Amino acid sequence: MAILRLTMHPATGWHGKTSPAAWLVMLALLLSGAQDLSAQPVSQEYQVKAAFLYNFSQFIEWPASVLPGTQSPLVIGVLGEDPFGGYLDELVRGERVSNHPLVVRRFRQVGEIQTCHILFVSQSETKQLDQIFAYLKGRNILTVGDAENFAIRGGMIRFITENNRIRFKINLAAARAANLTISSKLLRAAEIIGPERD
């Protein structure tokens, strides 16, 4: 199982933006070991998760109709209570993926979601997961969360923190049902769950 290993840069700390080349280094680290988070405040756990949300955008392929023009924003949404504060906004400010500007939007209820490409479902929404996944069925939205059984219940990527280490599981069948293609580089860094194990 893949486990996250990140080191804090002495000059920029966690606030430096991650280039695609640096993300490949992060993936290599992810495949090779782990960073103990025990000495770090809980908020840094979500800084790491925010960095993954940003970088997932570079390893997912959406249908062309979902991002029709180069000026169409790629939206990272947060549903429910926001554990990232302003960090996620800071991380994506001025960033582009395949010429698409990245923006962050927050939703109190799933019914508010119109345009969204990556959706982090907060733990505050755990009791509504079945209704959320039913509402999003057939939409090209990568669902990410860290609630227990998130991926088993139909979410696509679940963050897990165990023994102060972060890893993630991917429900490949759920992603394929939403017409999303996940890069093999990302798949190699994760545990695949469900009937489809490539």
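Conventions and cut-offs
Residues numbered from 1 in each chain as written. Predicted model: local features only at pLDDT ≥ 70, side-chain atom pairs only at ≥ 80, totals over all residues. Heavy atoms only, no water. Helix = DSSP H or I, 4+ residues; strand = E, 2+ residues; numbered from the N terminus. Buried < 20%, exposed > 50% of the residue type's maximum accessible area, 1.4 Å probe, protein only. Phe/Tyr/Trp six-rings, centres within 6.5 Å; stacked < 30°, edge-to-face > 60°. Lys NZ or Arg CZ within 6 Å of the ring centre and 35° of its normal. Salt bridge = Lys/Arg side-chain N within 4 Å of Asp/Glu carboxyl O.

A. Representation of unusual backbone geometry in the model. Non-glycine residue Ser98 carries a positive phi angle of around 50 degrees. Within the secondary structure, Ser98 sits in the loop between β3 (96–97) and β4 (100–107). For Ser98, a relative accessible area of 64% gives the class exposed.

B. Representation of the packing of aromatic side chains within the structure. Considering all chains together, one arrives at eight aromatic pairs under this definition. Taken together through their ring pairs, the aromatic side chains of Phe52, Phe56, Phe159 and Phe168 make up a single cluster. A cation over an aromatic ring shows up here: Lys49 above the ring of Tyr46, its NZ or CZ 4.5 Å from the ring centre.

C. Geometry of the pattern of salt bridges. Under the criterion given, the structure shown has nine salt bridges. A salt bridge links Lys49 to Asp146; the nearest nitrogen and oxygen atoms lie 2.9 Å apart. With Lys49 in helix α2 (residues 42–56) and Asp146 in the loop between β6 (142–145) and β7 (157–162), this residue pair connects regions lying 97 residues apart in the sequence. The two residues Lys49 and Asp146 agree in class, both being buried.

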